[in-house]
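These are the residues of each chain, in order.
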Amino acid sequence: AWLKAVWLEGGGLGAPTVLDEGDSAAASDSYMAGCLRKVGGGIKERLLYTSRKERKVVYRVVSGCVPWDEHRGHVVFTDTDDGGCMCVWSCDVEAKWYACGLRGGLAFIFGKMLRSWASAAVKSKDS
């Protein structure tokens, strides 16, 4: 659900352009690993690792006009006691010297995408 709602549909920030589909075998545990997308601002991101078994996604920003030299994102899903799902989205960033507002900006963007994904999940559950 996350790969579709956030990675492919943009998580409420506008649909990205998929430049390389990566592993397209839907039955594969590493489904979509290697997928390259272009998002707003010309930023390109690649899925480095996906695992349905581990319920984990790892991606990297590979190019674009961004305030960091390195960005690797980690998305992990765990079940909650009430039958729901918790998503922990973190990233390792090596910021450039002028990236003072980076933390707040990333928190805003990740928050918007997670709210969009949660909203899509609720709509899907209600249908």
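What you see is a predicted model, and the numbers here were worked out from it, not measured in a lab.

The rules behind the values
Residues numbered from 1 in each chain as written. Predicted model: local features only at pLDDT ≥ 70, side-chain atom pairs only at ≥ 80, totals over all residues. Heavy atoms only, no water. Patch = residues over 30% accessible without salt bridge, like charges linked within 9 Å, V, L, I, M, F, W, Y side chains within 5 Å. Areas by Shrake-Rupley, 256 points an atom, 1.4 Å probe, with all protein chains shown as cover. Salt bridge = Lys/Arg side-chain N within 4 Å of Asp/Glu carboxyl O. Helix = DSSP H or I, 4+ residues; strand = E, 2+ residues; numbered from the N terminus. Buried < 20%, exposed > 50% of the residue type's maximum accessible area, 1.4 Å probe, protein only. Core = buried A, V, L, I, M, F, W, Y, C linked by side-chain atoms within 4.5 Å. Contact = heavy atoms within 4.5 Å. pLDDT = per-residue confidence, 0-100. Pairing = 2+ DSSP bridges. Axes fitted to C-alpha atoms, helices over the stretch in contact; angles between N-to-C directions. Phe/Tyr/Trp six-rings, centres within 6.5 Å; stacked < 30°, edge-to-face > 60°. Lys NZ or Arg CZ within 6 Å of the ring centre and 35° of its normal.

### Digging into a nonpolar patch on the surface
So, point 1. A surface patch of nonpolar side chains, amounting to about 290 Å² of accessible area, comprises Leu13, Phe108 and Ile109.
So, point 2. The residue Leu13 is located in the loop between helix H1 (2-8) and strand E1 (17-20) in this model.
So, point 3. A residue is classified by how much of its surface remains accessible, and Leu13, at 43% relative accessible area, is partly exposed.

### As for the pattern of salt bridges
So, point 1. As enumerated under the stated definition, the model contains 5 salt bridges in all.
So, point 2. The closest approach of N and O atoms between Asp79 and Arg55, which form a salt bridge, is 2.8 Å. One end of the pair, Asp79, is in strand E5 (residues 68-79); the other, Arg55, is in the loop between strand E3 (44-51) and strand E4 (56-63), and 24 residues separate them in sequence.
So, point 3. You can call Asp79 exposed: its relative accessible area is 59%.
So, point 4. The closest approach of N and O atoms between Arg60 and Glu70, which form a salt bridge, is 3.0 Å. Taken as a pair, Arg60 in strand E4 and Glu70 in strand E5 lie far apart in primary sequence, 10 residues in all.
So, point 5. Of the residues examined, Glu70 reaches a relative accessible area of 25% and is grouped as partly exposed.

### Regarding the nonpolar core
So, point 1. Counting residues in each nonpolar core, the largest one holds 22 residues, and the members touching the most others are Trp2, Trp7, Leu47, Val75 and Trp89.
So, point 2. Examining the composition of this core, we find that 5 residues originate from one element, H1, more than from any other.
So, point 3. Excluding its chain neighbours within four sequence positions, the residues that come into contact with Trp2 are Trp7, Val57, Val75, Phe77, Trp89 and Trp117.

### Considerations on the confidence of the model for the chain
So, point 1. On average, residues of the chain carry a pLDDT of 83, and 90% of them reach 70 or more.
So, point 2. Put simply, helix H2 (residues 102-126) is where the chain has its lowest mean pLDDT, 75, and strand E2 (residues 36-38) is where it has its highest, 94.

### Description of the sheet that holds E4
So, point 1. Judged by pairing direction, the sheet is antiparallel, and its 6 strands sit side by side in the order E1-E2-E3-E4-E5-E6 without closing on themselves. Each having just a single partner strand, E1 and strand E6 (85-95) make up the two edges of the open sheet. Each neighbouring strand pair of the sheet contributes to a mean axis angle of 25 degrees, computed without reference to strand direction.
So, point 2. Bridge analysis of E5 against E6 gives 11 bridges, and the strand direction is antiparallel. Paired with Glu70 across the strands is Glu94, a residue of E6.

### Describing the packing of aromatic side chains
So, point 1. On inspection of all chains with the given rule, the structure shows 1 aromatic pair.
So, point 2. The ring of Trp7 has Arg37 sitting right over it, with the charged end atom 4.1 Å from the ring centre.

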